[in-house]
Amino acid sequence: MDFYEKLPVDFLIHFYNEIIKNIEKDILTKNMYYELGIIISVANRRGISLDHPSDFNEVINQKVLNDLLQSGQVGTGGCSQIA
């Protein structure tokens, strides 16, 4: 998560938009949904409201996402560190 917290707002929003595009093209892995959750969380802390995809809550386990956000297990490697 440190990676995203250090990004300027425009880059953070760019990453968000790229993941959303991949969702729309159905070329998204489950881990990318967690990545999206982390981006949305960081953006919310900066006062930026980003929408979840319509199937977001069906795909992710909210407890797992919350645990990741609280533990700081997500570092500069992004999805690759989410098991």
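Up top is the structure.
Residues numbered from 1 in each chain as written. Predicted model: local features only at pLDDT ≥ 70, side-chain atom pairs only at ≥ 80, totals over all residues. Heavy atoms only, no water.

K.L.:
I tried to follow the overall build of the protein on my own but got confused; where do I start?
P.N.:
Per the secondary structure count, the protein includes five helices and zero strands. Mapped in sequence order, the helices and strands of the protein form the string α-α-α-α-α. Burial analysis of the protein (83 residues in total) assigns 42% to the buried set. Across the protein, the fraction of contacts at a sequence separation of at least 24, relative to all contacts at a separation of at least 6, is 61%. (Helix = DSSP H or I, 4+ residues; strand = E, 2+ residues; numbered from the N terminus. Buried < 20%, exposed > 50% of the residue type's maximum accessible area, 1.4 Å probe, protein only. Contact = heavy atoms within 4.5 Å.)

K.L.:
What is the right way to read unusual backbone geometry from this model?
P.N.:
Even without being glycine, aspartate 26 reaches a positive phi, approximately 60°. Structurally, aspartate 26 is set in the loop between α2 (9-24) and α3 (30-45). Looking at aspartate 26, the relative accessible area reads 69%, which means it is exposed.

K.L.:
Any chance you could explain the packing of aromatic side chains here in plain terms?
P.N.:
How two aromatic rings sit relative to each other is given by the distance of their centres and the angle of their planes. According to the stated counting rule, one finds four aromatic pairs in the structure shown. With centroids separated by 5.9 Å and ring planes inclined at 85°, the aromatic side chains of tyrosine 4 and phenylalanine 15 adopt a geometry described as edge-to-face. You can see tyrosine 4 sitting in helix α1 (residues 2-6) and its partner phenylalanine 15 sitting in helix α2, a full 11 residues away along the chain. The class of tyrosine 4 is buried, set by a relative accessible area of 5%. By way of ring pairs, the aromatic residues Phe3, Tyr4 and Phe15 are connected into one cluster. (Phe/Tyr/Trp six-rings, centres within 6.5 Å; stacked < 30°, edge-to-face > 60°.)

K.L.:
Help me understand the packing of α3 against helix α5 (residues 62-71), please; the structure alone is not making it clear to me.
P.N.:
For any two helices packed against each other, the geometry is given by the interaxial angle and the distance between the axes. Between α3 and α5, the least distance of the axes is 10 Å, while the angle of their chain directions is 55°. By the angle class used here, α3 and α5 are oblique. Taken as a pair, α3 and α5 cross one another with a handedness that is right-handed. Only Val64, Leu65, Leu68 and Leu69 of α5 make contact with α3, whose side of the interface consists of Tyr34, Gly37, Ile38 and Ser41. Each residue belonging to the contact of α3 with α5 can be placed in one class, and the counts come to six nonpolar, two polar and no charged. (Axes fitted to C-alpha atoms, helices over the stretch in contact; angles between N-to-C directions. Parallel < 35°, antiparallel > 145°, perpendicular 65-115°, else oblique. Left-handed = near helix turned anticlockwise from the far one by under 90°. Nonpolar A, V, L, I, M, F, W, Y, C, P; charged D, E, K, R; others polar.)

K.L.:
Explain α5 here, please?
P.N.:
The periodicity of an α-helix, 3.6 residues per turn, causes residues three or four places apart in sequence to face the same way. Residues of α5 that are buried include every one of Leu65, Leu68 and Leu69, and no others. Projected down its long axis, α5 shows its buried positions confined to an angular sector of 95°, all on one face. Facing away from the buried side of α5 by over 90 degrees, the exposed positions are Lys63 and Gln70. Its buried side turned inward, α5 meets α3 and α4 (56-59). One side-chain oxygen of the residue at the start of α5 lies 2.9 Å from the amide nitrogen of lysine 63, identifying that residue as asparagine 61. (Arc of directions from axis to C-beta. Polar contact = N/O pair within 3.5 Å; in protein donor to acceptor, adjacent residues only side chain to side chain.)

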